[in-house]
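Structural overview for review
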Amino acid sequence: MNELGQIRIDKWLWAARFFKTRGLAADAVNGGKVHVNGQRCKPGKDVKIGDLVTVTKDQYTWEVQVTDLNQQRRPAQEAAGLYHEDATSAEKRRQQIELRKQQQAQQHPSEREHKPNKKQRRQIHRFKQDSL
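Rules used throughout
- Residues numbered from 1 in each chain as written.
- Predicted model: local features only at pLDDT ≥ 70, side-chain atom pairs only at ≥ 80, totals over all residues.
- Heavy atoms only, no water.
- Helix = DSSP H or I, 4+ residues; strand = E, 2+ residues; numbered from the N terminus.
- Rg over C-alpha atoms; globule rule 2.2 N^0.38 Å.
- Buried < 20%, exposed > 50% of the residue type's maximum accessible area, 1.4 Å probe, protein only.
- Contact = heavy atoms within 4.5 Å.
- Areas by Shrake-Rupley, 256 points an atom, 1.4 Å probe, with all protein chains shown as cover.
- Lys, Arg positive; Asp, Glu negative; His and termini not counted.
- Charge placed at Lys NZ, Arg CZ, Asp CG, Glu CD.

**Some thoughts on the overall build of the protein chain**
- When its secondary structure is counted, the protein chain shows 5 helices and 7 strands.
- For 132 residues, the compact-globule estimate of 2.2 N^0.38 gives 14 Å, and the protein chain exceeds it by more than 25% at 20 Å.
- In the protein chain, which comprises 132 residues, the share counted as buried stands at 28%.
- Considering only contacts in the protein chain between residues 6 or more positions apart, those separated by 24 or more positions represent 48%.
- Total accessible area computed for the protein chain in this model is approximately 9700 Å², and 47% of it derives from carbon and sulfur atoms.
- Across the protein chain, the 26 positively charged side chains and the 16 negatively charged ones have centroids separated by 9 Å.

Now the structure itself:
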């Protein structure tokens, strides 16, 4: 796809659909959430076919090997062809997802994160008004 044989990491992450925008991909790279061949990198780092990319997002980790390069964002099925994920990485992530689901199921419904309903919002507004 790419004649040069390399592409910026932030652009590749965006094209591979790990992040919705290049800005989010660049922020993740700058934040140390992305490693190329075990090394922390900058958004301008070029990746090439065969590089090992580790992406940490939302408490989950992907360890993928770059198999193709594309400068345009394509449908999800085509984007999945840009990388190959190791079976151990996929299994580890599935276990993390299951563990998180179990932990959420064990929480009492009142402890789960939820939006306040209309009555609760009014109480919050009244409380804030009274404290001023």
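Next comes the rest of the write-up.
**A closer look at the environment of Arg100**
- Residue placement: Arg100 occurs in helix α4 (residues 87-106).
- By relative accessible area, which is 35% here, Arg100 ends up partly exposed.
- If sequence neighbours within four positions are ignored, Arg100 has contacts with Asp58, Gln59 and Tyr60.

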